[in-house]
Amino acid sequence: MLVVAGRIAAVGPALAAPQGVPVVDAKGWLLAPPFVDAHFHLDATLSAGLPRVNESGTLLEGIALWGELKPLLVQDAIVERALRYCDWAVAKGLLAIRSHVDICDDRLLAVEALLHVRERVAPYLDLQLVAFPQDGLLRSPHALANLERALDLGVDVVGGIPHFERTMADGAASVRILCEIAAKRGLRVDMHCDESDDPLSRHIETLACETQRLGLQGRVTGSHLTSMHSMDNYYVSKLLPLMREAQVHAVANPLINITLQGRHDSYPKRRGMTRVPELMAAGINVGFGHDCVMDPWYPLGSADMLEVAQMGLHVAQMTSQAQMRACFDAVTVNSARILGLEGYGLEPGCRADFVLLQARDTVEAIRLRATRLLVVRGGDVMAHTPPANATLALPGRPPEVDFTAQR
Ligand code: FE2
């Protein structure tokens, strides 16, 4: 691959490097486009334990805990935590994040903080912000006005949470209102949609319908969609073509939903993740998101999208070779489509953003959560990590352990 002025100029074997251009020997390792996180909450990240830990581990205690933390938030601390997370992201080859930002706090502290962070990280990370009415667009008194204010300030995408409104009817009304705002402003939509085990939570149907009505095809995403796990199969056979027709994207958040869903079940416990292989088979673009890292909802995580892909693969039982490769796509190209990233990919003309992974192929990358040997943005190295080999002290065995398959 030849890089000129931050773009990929040519791809092929034995390309001649112009004089003075440094040459990197990839030694046969996998060169991939950067990881993309289609769904995250940067305003809450790294706040785990503030003001207390989530004892039950449920979504609803997480929302209540976030409500306790909100009045205590300080802008500088949000900025500091978000920047720290972005450092982790770059080190892990994650160079684009779509983050929801809660707009229900009338001070819009988190909005201002993340707009500042978006500007700070722009040289090395694409941060897209979603105006997210965490407490409900119609349920929270100033959410609608705050959402419009956040969009006026420059937030990129319209969010929503229809299943958290007081009634199904209010949920559907919120979807209509939010899609109309997006259509009027020429913005994309990404809603937390049906993040519930209730099989009758069907706001995705309204979202697909509004997408069609307002001509928003290809610009709308339904995030989580966990009720689909519990829906009647016949209804899903009607729903998937509606989503396909409206070109609605889907985002599953495997780490979080395997943790949060099914909490009211005894045994058997539902997994709760949306129907990823079925959505993909129906021709619907599916991305995976990390959703949370060390916040009121999830105490773990490290900005590693290969961990997300690995959990998605397991929960969805996507173990064929093609399905495992599809899980890698879900944290790269599919999510890039959801964000509408310009110049993403490894073809000539694309931005010279890529990751060199210590793996031979994408399946091995997921298996090993491969080391990011090099992370490159616009042709410049942003991070590097030494190969993850172990040294053994066993008699009669080779001293170095290489976890990749035979090369
Ligand atoms: Fe979320």
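All chains use their own residue numbering, which begins from 1 and follows the written sequence. Under the rules for a predicted model, residues below a pLDDT of 70 receive no local features and side-chain atom pairs below 80 are neither given nor counted, while totals for whole chains, interfaces and linings still include all residues. With hydrogens and water excluded, all non-hydrogen atoms of the structure serve as input to the side-chain values.

(A) Structural view of the coordination of the iron ion. Protein-derived ligands of the iron ion are His39 (NE2), His41 (NE2), His192 (NE2) and Asp291 (OD), with the metal-ligand distances lying across 2.2 to 2.5 Å. Angles of 86 to 175° at the metal separate the 4 donor atoms of the iron ion, which places the site in the irregular class. Written as a sequence motif, the donor arrangement for the iron ion is H-x1-H-x150-H-x98-D. In this pair, histidine 39 is assigned in strand β4 (residues 35-40) and histidine 192 in strand β8 (residues 188-193), connecting sequence segments 153 residues apart. Sodium, potassium and calcium take a 3.2 Å donor cutoff, other metals 2.8 Å, and in both cases only N, O and S atoms count; water is not among them, so sites may look incomplete. By the criteria applied here, four donors are tetrahedral when all angles lie between 85 and 135 degrees, four are square planar and six octahedral when opposite donors are over 155 degrees apart and every other angle lies between 65 and 115, and any other arrangement is irregular. Strands are runs of DSSP state E lasting at least two residues, helices are runs of H or I lasting at least four, and both sets are numbered from the N terminus onward.

(B) Quick look at the sheet that holds strand β3 (residues 30-32). Any two strands between which DSSP finds at least two bridges are classified as paired. With antiparallel pairing, 4 strands are arranged side by side in an open sheet as β3-β12-β13-β14. On the outer flanks of this sheet lie β3 and β14 (380-384), each paired with one strand and no other. Pairs of neighbouring strands in the sheet enclose a mean axial angle of 20°, with direction left out of account. All axes are obtained by fitting lines to C-alpha atoms, using only the stretch in contact for helices, and the reported angles, taken between N-to-C directions, cover 0 to 180 degrees.

(C) Expanded view of the domain arrangement of the protein chain. Domain delimitation follows an automatic or database domain assignment. In terms of domains, the protein chain is made up of domain 1 (2-30 + 347-391) and domain 2 (35-339). Relative placement of domain 1 and domain 2: their C-alpha centres are 30 Å apart. Between two residues, a contact is recorded if the distance between any of their heavy atoms is within 4.5 Å. Every contact between the two is made by 18 residues of domain 1 and, on the other side, 24 residues of domain 2. Here the quantity called buried area is the accessible surface, traced with a 1.4 Å probe, that two parts lose on coming together, added over both. Around 1600 Å² of area is buried between domain 1 and domain 2 when both sides are counted, 63% of it from carbon and sulfur atoms. Should a side-chain nitrogen of Lys or Arg be within 4 Å of a carboxyl oxygen of Asp or Glu, the pair is scored as a salt bridge. Residue aspartate 126 pairs with arginine 351 through a salt bridge whose shortest N-O separation is 2.5 Å. Between N or O atoms, a polar contact is any pair within 3.5 Å; within protein, one atom must be a potential hydrogen donor and the other a potential acceptor, and residues adjacent in sequence are included only when both atoms are from side chains. In this structure, the connection of domain 1 to domain 2 is made through 8 residue pairs in polar contact (both at pLDDT 80 or more). For the side of domain 1 that touches domain 2, the secondary-structure elements that each account for two or more residues are β12 (354-357), α14 (362-368), β13 (372-377) and β14. By residue number, the principal contributor to the side of domain 1 that touches domain 2 is α14, which donates 5 residues. Here the residues of the side of domain 1 that touches domain 2 sort into 10 nonpolar, 2 polar and 6 charged. Residue classes follow a fixed rule: Ala, Val, Leu, Ile, Met, Phe, Trp, Tyr, Cys and Pro count as nonpolar, while Asp, Glu, Lys and Arg count as charged, and any other residue, Gly among them, counts as polar.

(D) Quick look at the packing of aromatic side chains. Within 6.5 Å between ring centres, the rings of Phe, Tyr and Trp (the latter by its six-membered ring) count as paired, and their orientation is classed by plane angle as stacked under 30 degrees, edge-to-face over 60, tilted in between. All chains considered together, the criterion is met by 4 aromatic pairs. The interplanar angle of 50° and the centroid separation of 6.2 Å between the aromatic rings of tryptophan 66 and tryptophan 297 together place this pair among those described as tilted. Within this pair, whereas tryptophan 66 is found in helix α1 (residues 59-69), its partner tryptophan 297 is found in the loop between β11 (286-288) and α11 (305-315), the two being separated by 231 residues in sequence. Comparing tryptophan 66 with tryptophan 297, the two get one shared label, buried. Following the ring pairs from residue to residue traces out a cluster consisting of Phe40, Tyr85 and Trp88. Charge-over-ring placement is defined geometrically: NZ (Lys) or CZ (Arg) within 6 Å of the ring centre, and within 35 degrees of the ring normal. When the ring centre of tyrosine 235 is taken as reference, the NZ or CZ atom of arginine 202 above it lies at 3.7 Å. Only protein chains enter the calculation, and the probe is 1.4 Å; a residue is then buried if its accessible area is under 20% of its type maximum, exposed if over 50%, and partly exposed in between.

(E) Looking closely at the sheet that holds strand β10 (residues 249-252). With parallel pairing, 8 strands are arranged side by side in an open sheet as β4-β5-β6-β7-β8-β9-β10-β11. Here the strands that pair on one side only, and so sit at the sheet edges, are β4 and β11. Sheet topology places strand β6 (residues 126-132) next to strand β7 (residues 157-158); 2 bridges connect them, and they run parallel. Bridge pairing in β7 places alanine 131 opposite valine 158.

(F) Looking closely at the nonpolar core. Of all hydrophobic cores here, the largest spans 112 residues; its most connected members are Met243 and Leu357. Residue-level mapping places this core at the junction of two domains, with at least three residues from each of domain 1 (2-30 + 347-391) and domain 2 (35-339). Excluding anything up to four places from it in sequence, leucine 357 contacts Trp29, Leu30, Ala32, Phe35, Leu306, Phe328, Ala365, Ala370, Thr371, Arg372 and Leu373. Note on terminology: a nonpolar core comprises buried Ala, Val, Leu, Ile, Met, Phe, Trp, Tyr and Cys residues joined through side-chain atoms within 4.5 Å. Ranked by size, the runner-up nonpolar core spans 8 residues in total, among them Ala38, Ile338, Leu339 and Tyr344.

(G) View of helix α2 (residues 75-91). To estimate how far a helix should reach, multiply one less than its number of residues by 1.5 Å. For α2, which comprises 17 residues, the first-to-last C-alpha distance of 25 Å matches the rise-based estimate of 24 Å (1.5 Å per residue) to within 8%. Of the residues making up α2, those classed as buried are Ile78, Val79, Arg81, Ala82, Leu83, Tyr85, Cys86, Ala89 and Val90. Where α2 is buried, its residues contact β4, β5 (94-102), α3 (109-121), β13 and β14. Glycine 93 sits one or two residues past α2 and shows a positive phi near 75°.

(H) Looking closely at the packing of α2 against α3. Orientation of α2 relative to α3, taken along the N-to-C sense of each, is 40°, at an axis distance of 9 Å. With respect to α3, the element α2 is oriented oblique. Crossing of α2 against α3: the hand is right-handed. For the pair α2 and α3, the contacting residues are Gln75, Ile78, Val79, Ala82, Leu83 and Cys86 in the first and Leu109, Ala110, Glu112, Ala113, Leu114, His116, Val117, Arg120 and Val121 in the second. Grouping the amino acids of the contact of α2 with α3 by side-chain chemistry returns 11 nonpolar, 2 polar and 2 charged. By definition in this entry, angles of less than 35 degrees are roughly parallel, angles greater than 145 are roughly antiparallel, angles of 65 to 115 are roughly perpendicular, and the rest are oblique. The sense of a crossing depends on the near helix, which, turned anticlockwise from the far helix by less than a right angle, makes the crossing left-handed and, turned clockwise, makes it right-handed.

(I) Just the state of the cysteines, in detail. Any two cysteine sulfur atoms within 2.5 Å of one another count as a disulfide. In total, this model carries 0 disulfides according to the counting rule given. For the unlinked cysteine cysteine 327, the closest cysteine sulfur is that of cysteine 292, found at 20 Å.

(J) Just the environment of histidine 229, in detail. Secondary-structure assignment places histidine 229 in helix α7 (residues 227-230). On the basis of relative accessibility, which here comes to 27%, the residue histidine 229 falls in the partly exposed class. Along the chain, histidine 229 and arginine 270 lie 41 residues apart, while their C-alpha atoms are 8.0 Å from each other. At 3.4 Å, the side chain of histidine 229 forms a polar contact with the backbone nitrogen of arginine 271. Separated by 3.4 Å, the side chain of histidine 229 and the backbone nitrogen of glycine 272 make a polar contact.

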